[in-house]
There are 2 protein chains.
Amino acid sequence: MSAEEQQHSPDDVQQHLRAVQELLARHRLVEELAHRQQDAVEGTMHHEHLNELQDLLEGMHPADIAFVLEALPLEDRLFVWNLVKAERDGEILLEVSDAVRESLIETMDPDELKAAAESLDADELADLAPDLPPEVIQDVYQSLDTEGREQLRAAMSYPEDTVGALMDFDMVTVREDVTLEVVLRYLRRFDELPDHTDKLFVVDRDDHLRGILTLQNLLTHDPEMEVSEVMGTEPVISFVPEDDASDAAQAFERYDLVSAPVIDSEKRVIGRLTVADVVDYIREESDQEILSNAGLREEEDIFASVWDSVKNRWAWLAINMVTAIIASRVIGLFESSIERLVALAALMPIVAGIGGNSGNQTITMIVRAIAMGQVEQSAMRRLLRKEMGVALFNGVVWGGFLGGMAWWLYGSWQLGAVMTSAMTLNLLLAASAGVIIPMMRMRMGKDPALGSSVMITSLTDSGGFFIFLGLATLFLL
Amino acid sequence: MSAEEQQHSPDDVQQHLRAVQELLARHRLVEELAHRQQDAVEGTMHHEHLNELQDLLEGMHPADIAFVLEALPLEDRLFVWNLVKAERDGEILLEVSDAVRESLIETMDPDELKAAAESLDADELADLAPDLPPEVIQDVYQSLDTEGREQLRAAMSYPEDTVGALMDFDMVTVREDVTLEVVLRYLRRFDELPDHTDKLFVVDRDDHLRGILTLQNLLTHDPEMEVSEVMGTEPVISFVPEDDASDAAQAFERYDLVSAPVIDSEKRVIGRLTVADVVDYIREESDQEILSNAGLREEEDIFASVWDSVKNRWAWLAINMVTAIIASRVIGLFESSIERLVALAALMPIVAGIGGNSGNQTITMIVRAIAMGQVEQSAMRRLLRKEMGVALFNGVVWGGFLGGMAWWLYGSWQLGAVMTSAMTLNLLLAASAGVIIPMMRMRMGKDPALGSSVMITSLTDSGGFFIFLGLATLFLL
């Protein structure tokens, strides 16, 4: 293969997708034709496209196959899935999104699932396990050796979002009293090193972590030197399995790590965390944040059935309906005021809406700063003062403008003044709630992000209606 | 240093932050005391805390110092910034967020900035350049050698969000006709290898990329073998500087890369992309998405002045005000209807609100699938059908429930029927717009995400009011 042909660029996966779609379409066409002509062309042309498709799939990276499967409607997806060689099932199942994985696993029988699971490492198996039927896990567990069982048990015992759930068990350890030459000879005995091996873990005979030998130090130092002379003098960044995964991810980002040892309470090396796992985690976390901000429980298979989509979305709609009903009842309190001055009905959504937008700005910023660990309880007063300042400014400027508009539209300067005051008060409410809600949740040890947007919007809706209609009832009627 | 002391866990940066705050507080206290007692304690205690603080900072990783600076209010931040050794200024400026970087650069004079800039590599300098005064860049440029100038020019010439803007120039290249032994000896001449070197780029004498020699192959093969025998037979994943950064990031995630060569149109190696840059890019992108969904232009320094915050947030508020005014004018059209049946005023925000929520769910899902490259134009009809199905289901179920509530509250089954129909129609509107808007934007080659949430909310607000009040006017009055 020449260098020319070897190049592989990031657009290739799109081309693969199109090629698969093309071949599927041709295959369908031939099948249709065969059906009409009573199988006249069967045998030759029929299988041609299938073979071509199979060859294409064989040459593709498992992650690319996963991408293609996600992009295909259910019927095509299962068709392609059946063409994939069975021994690759495991790695592909690992790569696809949860929703698509479910749709694939549903079509596999226990033996296929068992074969797929057995092709995986313990840490990968642990990732897949929640989606597998219990009897398959039981069978696979039986087939593991003692070390594998121990690792699988360990990997499955740590809660999601901990380092323990992300770590793998592939690592190379060396002793500190040997020379680099010995290490080099030891490595040459490997067929291949574990992925993402950028450092070897230096341990004593009881597996206690003594230090780190980076490949870079191994390669740039005299082979006659001993490991202990070469191993880094900088502090070793290591994790325990109970560490929060997002803290670990921040450490990987901050210190540009490729891999790091995971140790137990006695500093024995028990596993390893790699940047590949961390990148997946970061992507998943931020996807989760974006999805849940929009009220989706999880990543949706875009070709999911109507019913699956409804299930994924109903919780958020139900919550929002409750808050909408509350807001509606607040308006109900002032129906007689609205009857006497119908302009209120047209203006009230503005007060509520702008308050909600402004509150979401504040709370998003505070929640993010808390998640980064950059906000202390002591900063609350300072943040409150600043946000109230912003709210007051916006209230006077935007509220003043809207008050002017109300005056102009309805010819009442009193209505304008009520509009401006209500805007300002609702913005102040939004600002203080935007600071206080997440800070309180943090103090109570709860996740400050959870439902923050719904809460603040609900408050500024009901609050905005109440303030505006209340002021109007007091001063205009 | 014993292994015990060397351990470094991800919580350390939080402890550093608290230690800095503690020392600052003590320093302030002593200063206050000194001031009251006319400098009696000056000289001894006064400097004690400062020295301690300086020692603490000296032992900290630049990324940790950046973290601490971001978490401190402006006054404390600048105080600590002045204690940091000048030669570390450059790397720290690279690590802090844009908003905080601005606040630091403002206080530095041109000579300090020049010194800081000169401590950086060309690709790092290019990242910092947009924030530096032109005369500083000019000076730094003059001080570079020809190669450095060339690299700086190249790095600055690529638009943001391309591979060219992310790449660095630190790489190790080897020839294919030498033995691994020669490569090993060559590497030993380096003091250190570039960060994230997991592979060497195999090039011919004109720097054309011939293949890849992973350190893992280098270490596990017989040193007598030639590079050409050992270099990977799998396709080389490489990028050109014009490649979209987010495509490259997806490729890094998909293929678990640590580094990859960047080549020009003639396949000459011109630079390198590393997972560290990619991780930063992924984080930045998803942060940007979350921030802009909430209407923040950029990451905000939480201790920014009121005025800076106002500037960061006003554009979104202004757009939302325009859409709110439009919705208000739609209501204005039906004022006489509301006067005759005031229940409409209380019920209309429910129709608009639930429509907005549901539309945001749809559009978020479609936009994400488009961004992943998994949606073809041809899928539009299928997606539309599915989303309309979900909308119809929700309209009948939730709309039916709300219609029942309206009937019960206001004793009119006709009002209930209008409520149910309006909910269903608005949900259908939300679903079709949620599919069509991003698909249309994709067809026009525009970013489907941009402003999608504002657009759909505006449509479902005004649309919801119009549908509900319109139906009520037709059938109830």
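Residues numbered from 1 in each chain as written. Chains lettered and ligands numbered in written order. Predicted model: local features only at pLDDT ≥ 70, side-chain atom pairs only at ≥ 80, totals over all residues.

1. Overview of the overall build of chain A
Defined as follows: By the criteria applied, helices consist of DSSP H or I runs no shorter than four residues and strands consist of E runs no shorter than two, each listed in order from the N terminus. Each residue is classed by its C-beta neighbour count within 10 Å, where at least 20 other C-beta atoms makes it buried, 12 or fewer makes it exposed, and intermediate counts make it partly exposed; the C-beta atoms are placed from backbone geometry. Here, residue contact means that the backbone-derived C-beta atoms of the two residues sit within 7 Å.
The secondary structure content of chain A amounts to 23 helices and seven strands. For chain A, the proportion of its 477 residues judged to be buried stands at 45%. For chain A, the proportion of contacts with a sequence separation of at least 24, taken over those separated by at least 6, is 69%.

2. Describing the environment of B:Met439
Note on placement: B:Met439 falls in helix H22 (residues 413-443). Along the primary structure B:Met439 and B:Val375 are separated by 64 residues, whereas in three dimensions their C-alpha atoms are 8.8 Å apart.

3. A short note on the packing of helix H20 (residues 343-371) of chain A against helix H23 (residues 452-476) of chain A
All names here are of chain A. How we decide: Geometry is summarised by axes, namely lines fitted to C-alpha atoms with helices restricted to the contacting stretch, and by angles between N-to-C directions that run from 0 to 180 degrees. Take the far helix as your reference; a near helix turned counterclockwise from it by less than a right angle gives a left-handed crossing, and one turned clockwise gives a right-handed crossing. Gly falls in the polar group here, along with every residue not listed as nonpolar (Ala, Val, Leu, Ile, Met, Phe, Trp, Tyr, Cys, Pro) or charged (Asp, Glu, Lys, Arg).
Running from N to C, H20 and H23 point in directions that differ by 145°, and their axes come no closer than 8 Å. In the packing of H20 onto H23, the handedness of the crossing is right-handed. Across the interface between the two elements, Leu 344, Met 348, Val 351, Ala 352, Gly 355, Gly 356, Gly 359, Asn 360, Ile 363 and Val 367 of H20 pack against Ser 452, Ser 453, Ile 456, Thr 457, Thr 460, Asp 461, Gly 464, Phe 465, Phe 468, Leu 469 and Ala 472 of H23. Considering only residue class, the contact of H20 with H23 consists of eleven nonpolar, nine polar and one charged.

4. Digging into unusual backbone geometry
All names here are of chain A. The backbone phi angle of His 196 is positive, close to 60°, even though this residue is not glycine. Inspection of the secondary structure puts His 196 in the loop between helix H13 (180-188) and strand E3 (199-203). By the C-beta count within 10 Å, which is 24 here, His 196 ends up buried. For Asp 256, which is not a glycine, the phi torsion comes out positive at approximately 50°. Structurally, the position occupied by Asp 256 is in the loop between helix H16 (245-255) and strand E6 (259-263). In this structure Asp 256 comes out as partly exposed when scored by C-beta crowding, with 16 C-beta atoms within 10 Å.

5. Thoughts on the domain arrangement of chain A
Note the cut-off: What marks off one domain from the next here is an automatic or database domain assignment.
Partitioning chain A into structural domains gives domain 1 (10-165), domain 2 (173-293) and domain 3 (306-476). A separation of 48 Å is found between the C-alpha centroids of domain 2 of chain A and domain 3 of chain A.

6. Structural notes on the relation of the copies chain A and chain B
Note the following rule: For the least-squares superposition of copies, only C-alpha atoms count, and only for residues with pLDDT at least 70 in both.
At an RMSD of 0.1 Å, chain A and chain B line up after a rotation of 180° and a shift of 0.0 Å along the axis. Both copies are brought into coincidence by an operation consistent with a two-fold rotation axis. An overlap of 99% is found between the interface residues of chain A and their copies at the interface of chain B, pointing to a shared contact surface.

7. Here's the deal with helix H17 (residues 275-293) of chain B
Residue and element names in this part refer to chain B. Our working definition: Here a helix's expected span is defined as the number of its residues, less one, multiplied by 1.5 Å.
For H17, with 19 residues, the first-to-last C-alpha span of 27 Å sits near the 27 Å given by 1.5 Å per residue. Buried residues of H17: Val 275, Ala 276, Asp 277, Val 278, Val 279, Tyr 281, Ile 282 and Asn 293, and no others. Just beyond H17, the residue with positive phi is Gly 295, at close to 85°.

8. Looking at the sheet that holds strand E2 (residues 173-174) of chain A
Strand-to-strand pairing in sheets goes through backbone hydrogen bonds, with the strands running parallel or antiparallel. Residues and elements named next belong to chain A. To keep it simple, the criterion reads: DSSP-based pairing: two strands are paired if at least 2 bridges between them are found.
One open sheet holds the three strands; their spatial order is E2-E3-E4, and the pairing between them is mixed. Taken across any chain shown, the strands that pair with only one partner, and hence form the sheet edges, are E2 and strand E4 (209-214). Here E3 pairs with E4 via five bridges, running antiparallel. Following the sheet pairing, Phe 201 is matched in E4 by Ile 212.

9. What to know about the packing of helix H2 (residues 12-36) of chain A against helix H4 (residues 62-71) of chain A
Residue and element names in this part refer to chain A. Our working rule: Here is the rule for angles: anything less than 35 degrees is roughly parallel, anything more than 145 is roughly antiparallel, 65 through 115 is roughly perpendicular, and the remaining ranges are oblique.
Look at H2 against H4: their axes get within 10 Å of each other, and the N-to-C directions meet at 55°. Classified by the angle their axes make, H2 and H4 are oblique. Classified by chirality, the crossing of H4 by H2 is right-handed. Each of Val 13, His 16, Leu 17 and Val 20 in H2 lies in contact with H4, whose residues at this interface are Asp 64, Phe 67, Val 68 and Ala 71. Classifying every residue of the contact of H2 with H4 gives six nonpolar, one polar and one charged.

10. Quick word on helix H11 (residues 146-157) of chain B
Residues and elements named next belong to chain B. Condition: This arc describes the spread of directions from the helix axis toward the C-beta atoms.
A rise of 1.5 Å per residue sets the reference length of H11, with its twelve residues, at 16 Å; its end C-alpha atoms lie 16 Å apart and thus fit the reference within 8%. Here H11 has its buried residues at Gln 151, Leu 152 and Ala 155. An end-on view of H11 places all buried positions within 100° of arc, on one side of the element. Among the exposed residues of H11, those oriented more than 90 degrees off its buried face are Thr 146 and Ser 157. If you follow the buried residues of H11, they end up packed against helix H9 (122-128) and helix H10 (134-143).

11. What to know about the sheet that holds strand E3 (residues 199-203) of chain B
All names here are of chain B. The mixed open sheet is built from three strands, whose spatial order is E2-E3-E4. The sheet is open, and its two edges are formed by strand E2 (173-174) and strand E4 (209-214), each paired on a single side. For E2 and E3, the ladder comprises two bridges, and the chain directions are parallel. Counted as the bridge partner of Val 174 is Val 202 from E3.

12. Observations regarding the pairing of strand E7 (residues 269-274) of chain B
Residues and elements named next belong to chain B. Where strand E6 (residues 259-263) meets E7, five bridges bridge the pair, whose relative direction is antiparallel. Following the sheet pairing, Val 262 is matched in E7 by Gly 271. As consecutive antiparallel partners, E6 and E7 are separated by five residues, and within that stretch Lys 267 has a phi angle of approximately 65°, a positive value.

13. Some points on the pairing of E3(A)
All names here are of chain A. For clarity, the threshold we go by: Viewed with both strands pointing away, a crossover whose connecting path from the first strand over the helix to the second turns clockwise is right-handed.
Taking burial as the measure, the five residues of E3 include five buried ones, the bulk of the element. A crossover connection joins E2 to the parallel E3 through H13; in handedness this β-α-β unit is right-handed. Counted along the chain from E3 to the antiparallel partner E4, the turn is five residues long, and its residue Asp 207 has a positive phi close to 70°.

14. As for the environment of B:Val375
Residues and elements named next belong to chain B. Along the chain, the position of Val 375 falls in the loop between helix H20 (343-371) and helix H21 (380-410). A count of 22 C-beta atoms within 10 Å places Val 375 in the buried class. With 264 residues separating them in the primary sequence, Val 375 and Asp 111 have C-alpha atoms 52 Å apart.

15. Remarks on the environment of A:Ala304
All names here are of chain A. Residue placement: Ala 304 occurs in the loop between helix H17 (275-293) and helix H18 (306-333). On the neighbour-count criterion, Ala 304 (20 C-beta atoms within 10 Å) is buried. Here the alpha-carbon distance between Ala 304 and Ser 453, two residues 149 residues apart in the chain, equals 27 Å. Setting aside residues up to four positions removed in sequence, Ala 304 forms contacts with Ala 99 and Ser 309.

16. Some details on the confidence of the model for chain A
Residues and elements named next belong to chain A. Spelled out, the test is: A score from 0 to 100, pLDDT tells how confident the predictor is in each residue.
Averaged over every residue, the pLDDT of chain A is 88; the share at 70 or more is 95%. The least confident element of chain A is helix H1 (residues 3-6), whose mean pLDDT is 40; the most confident is helix H22 (residues 413-443), at 95. Between residues 1-6, whose pLDDT stays under 50, and residues either more than four places distant or in other chains, the model counts seven contacts. Predicted complex metrics record ipTM = 0.85 and pTM = 0.86.

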